[in-house]
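Each chain is listed here by its residues.
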Amino acid sequence: MRPRIVYVHGSGPKPRPELLKAQWDRALFGRDLGEESHLAYWAPVLHGEPLPDPVPDPLEGTPDGAAEAEAEAEAGGEEGRPRPPVLEDPAQFMARTATEARAGDSAGGVARAAGGGALGGWLRDMTYLAEALALAEEPRPGPGEEPLPEALPLPRPARTALFRLLVRHTFEDAHAYFFGGAGRAVRQAVVEALDAAGADADGGGPLVVVGHSLGSVAAYEVLAARNPRVDLFVTLGSPLAVTEVQDCLAAPPAVPSRTARWLNASDGRDVVALDHTLRPEYAPPGRITDLLVSNGSENHHGVLEYLADPLVRDPVRRAWTRPAQGAG
């Protein structure tokens, strides 16, 4: 019986599906799994063409992504020298992002509904936390002062721009998912990946489902609705514990009855996973493990850092090799 794993990526534009799947495979297993792994690739629902191969995913928190975000915010200084960007007040950024989400996304072609107020609290908290992190992680060398641990290797304007890029993409995609009509197409991509993996087939090998960011929401909603036997459900940098997100779910929060175990991992500095514990909101709590990890990407939300963490990677590998034992 062949083991199977299904990946559900998060918000924002992504590389082509073959490359993205191979990246997740290598982060978890050190090799390309070929037909044993499946990717629910929903980025085209909102973002059109995939990123060119040499271009890194800006939401991974790469230095190139931060430099691009900073360049967008900068204006040229006198004598051709760049001047530091003028940082927009968090309240103004929050209001503008919400307005843009309601107005629509011409690139993705998905109309946003005007009634997205249920996510307003999440957007507010994301915005102010991003600003606080950018300030707190600014090294302050000097007499009697020690730099904060794990300070990001980027100047504050670039870090702030990167955090805001993350907030904008994540919130706009979440708004489109819940209120703009994109949710059905995103969930359909998850259904098709589960079907390709033979999730409903009797006598199959172990099944692992891994969802990142907004992808964890789509994965959860499909598992709750279809209820296939799942040996391990892994959510990474997930907003599922956030009250405003729970209010938008189609059904009350609960562990799908045929999901044997659920591992929820987040970094304490991940602005998307503002609440880090799913227990006891998703009963029964005995099937869920909430885990804090250290995500070394510049915005602490990058999925490849989550996947490579031994606290995430090792349980996935163990579930991959043991006999199928789904609940129910």
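Structure shown above.
Nothing here was measured: the structure is a model prediction, and the numbers come from that model.

Draft legend 1. Just the pattern of salt bridges, in detail. A complete count under the given rule lists twelve salt bridges for this structure. Residue K21 pairs with D32 through a salt bridge whose shortest N-O separation is 3.8 Å. In this pair, K21 is assigned in helix α1 (residues 17-29) and D32 in the loop between α1 and β2 (37-40), connecting sequence segments eleven residues apart. Two residues, D314 and R313, come together in a salt bridge whose shortest N-O distance is 3.4 Å. Classification of D314 by relative accessible area gives partly exposed; the value is 29%.

Draft legend 2. Inspection of helix α11 (residues 310-321) at higher detail. For α11, built from twelve residues, the straight-helix expectation of 16 Å at 1.5 Å per residue is met to within 8% by its first-to-last C-alpha distance of 16 Å. Three or more residues of α11 are buried, namely V312, P315, V316, A319 and W320. The buried residues of α11 occupy one face: seen down the axis, they fall within an arc of 140 degrees. For α11, the secondary structure elements touched by its buried residues are β1 (4-8), α1, β3 (207-212), β4 (232-236), β5 (262-267) and α10 (303-308). At the N-terminal boundary of α11, the capping side chain belongs to D309, with an oxygen 2.8 Å from the backbone nitrogen of L311.

Draft legend 3. Quick look at the environment of E35. Structurally, E35 is set in the loop between α1 and β2. The sequence separation of E35 and I5 amounts to 30 residues, and the corresponding C-alpha distance is 9.6 Å.

Here is what the cut-offs are and how they apply
Residues numbered from 1 in each chain as written. Predicted model: local features only at pLDDT ≥ 70, side-chain atom pairs only at ≥ 80, totals over all residues. Heavy atoms only, no water. Salt bridge = Lys/Arg side-chain N within 4 Å of Asp/Glu carboxyl O. Helix = DSSP H or I, 4+ residues; strand = E, 2+ residues; numbered from the N terminus. Buried < 20%, exposed > 50% of the residue type's maximum accessible area, 1.4 Å probe, protein only. Expected span 1.5 Å × (residues − 1). Arc of directions from axis to C-beta. Contact = heavy atoms within 4.5 Å. Polar contact = N/O pair within 3.5 Å; in protein donor to acceptor, adjacent residues only side chain to side chain.

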